[in-house]
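# Report on the structure
Below, each chain spelled out in residue letters.
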Amino acid sequence: MAKQPPSYSIGDMVVHRYYGIGKIESIDNKPFDGVKVDCFKVSTDNCVYWFPKDSLDNPRVHPVASQDMIEEAAEILQSAPKDIENDPTQWKERIDDVVADGSIIAISTLVRDLNALKMQKNLNRTQDQALNNLKDRLLREWAASMKVDANSIRPTLQAYLNKSNSYLQNTA
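As the structure is a prediction and not an experimental result, all values here were calculated from the model. Once a new chain begins, its residue numbering starts again from 1 and follows that chain's sequence as written. Reporting of local features is limited, given that this is a predicted model, to residues whose pLDDT is at least 70; pairs of side-chain atoms are given and counted only at 80 or more, and all residues count toward the totals for whole chains, interfaces and linings. Computation of side-chain values covers all heavy atoms of the structure but excludes hydrogens and water.

### Things to note about the environment of Ala 130
Note on placement: Ala 130 falls in helix α4 (residues 125-146). Linking Ala 130 and Val 111, residues 19 residues apart in sequence, is a C-alpha distance of 8.4 Å. Runs of E in the DSSP output that reach at least two residues are strands. Runs of H or I that reach at least four are helices, and both are numbered from the N terminus.

Rendered as C-alpha cells:
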C-alpha cells in the first residue's frame with residue numbers, strides 16, 4: 001500500500017531538512033516558474049520559507065514526529081550502539097545520508113552512535129559538528145512534538161545516551 005503524503009493546515013508544526021522546526025502561518029500565492037502557486041508560508045526562529053501546497057510529498061519538509069516516533073527514538077537512544085566504524089569516510093557518508101533523510105529515527109540512531117564513538121576517541125571536526133547539530137535538531141523536534149521547551153528534555157537525552165554508552169563499558 002502506498003504511503004499517503006501528509007496533509008497540512010495553518011498552525012501545523014513542520015520540520016524542514018535545513019531550516020528546522022517551523023509553524024505554518026498562512027497560505028500565500030507565490031510565483032513559481034512563472035506561474036502563481038498556492039504555498040504554505042512557514043516561520044522558523046531564523047527565517048521564513050514557502051513550499052507549494054500541492055507538493056505535500058516534499059522530501060525536505062515533514063510533519064513534526066508523532067508520539068509513537070518519539071517513543072521509538074527514545075528506545076534507539078537507550079539501546080546498544082551499532083556500526084562504530086573507524087573509517088572517517090564511512091562516517092562522513094553516514095552523516096550525509098542522515099542529514100538527507102532527516103527523520104527523527106535516523107537522527108537518533110546516528111546521535112547514539114556518534115556519542116558512543118566520542119566515548120572511545122576524539123571525534124574529528126565533521127563528526128563533532130554533526131553530533132552537536134543533530135542533537136540540537138533531535139531536541140527541537142522532540143520538544144515540538146511534546147509541546148515543551150527543548151532545554152527541559154536535554155537531561156533526559158543525556159540519560160538515554162549514558163544508558164547506551166553503558167553497553168560499551170559492559171563489553172570492554
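### Quick word on the packing of aromatic side chains
Any two rings among Phe, Tyr and Trp, with Trp reduced to its six-membered ring, count as a pair given centres within 6.5 Å; such a pair is stacked if its planes are under 30 degrees apart, edge-to-face if over 60, and tilted if neither. Following the criterion strictly, the structure yields 5 aromatic pairs and no others. Ring centres of Tyr 8 and Phe 40 lie 6.0 Å apart, and the angle between their planes is 75 degrees; this geometry places the pair in the edge-to-face category. Note that Tyr 8 is positioned in the segment before β1 (13-16) and Phe 40 in strand β3 (residues 35-44), a separation of 32 residues in sequence. Each residue gets one of three labels from its accessible area relative to the maximum for its type: buried under 20%, exposed over 50%, partly exposed in between, using a 1.4 Å probe on protein chains only. Classification of Phe 40 by relative accessible area gives buried; the value is 2%. Aromatic side chains Trp 142 and Tyr 160 sit 5.9 Å apart centroid to centroid with 15 degrees between the ring planes, which places their arrangement in the stacked category. Of this pair, Trp 142 sits in helix α4 while Tyr 160 sits in helix α5 (residues 150-171), placing them 18 residues apart in sequence. Of the residues examined, Trp 142 reaches a relative accessible area of 7% and is grouped as buried. Among the aromatic side chains, those forming a connected cluster through ring pairs are Tyr 8, Phe 40 and Phe 51. Either the NZ atom of lysine or the CZ atom of arginine qualifies as a charge over a ring when it sits within 6 Å of the ring centre and within 35 degrees of the ring normal. Here the basic side chain of Lys 30 rests over the ring of Trp 50, its NZ or CZ set 4.1 Å away from the ring centre.

Keep in mind these numbers describe shape, not what the thing actually does.
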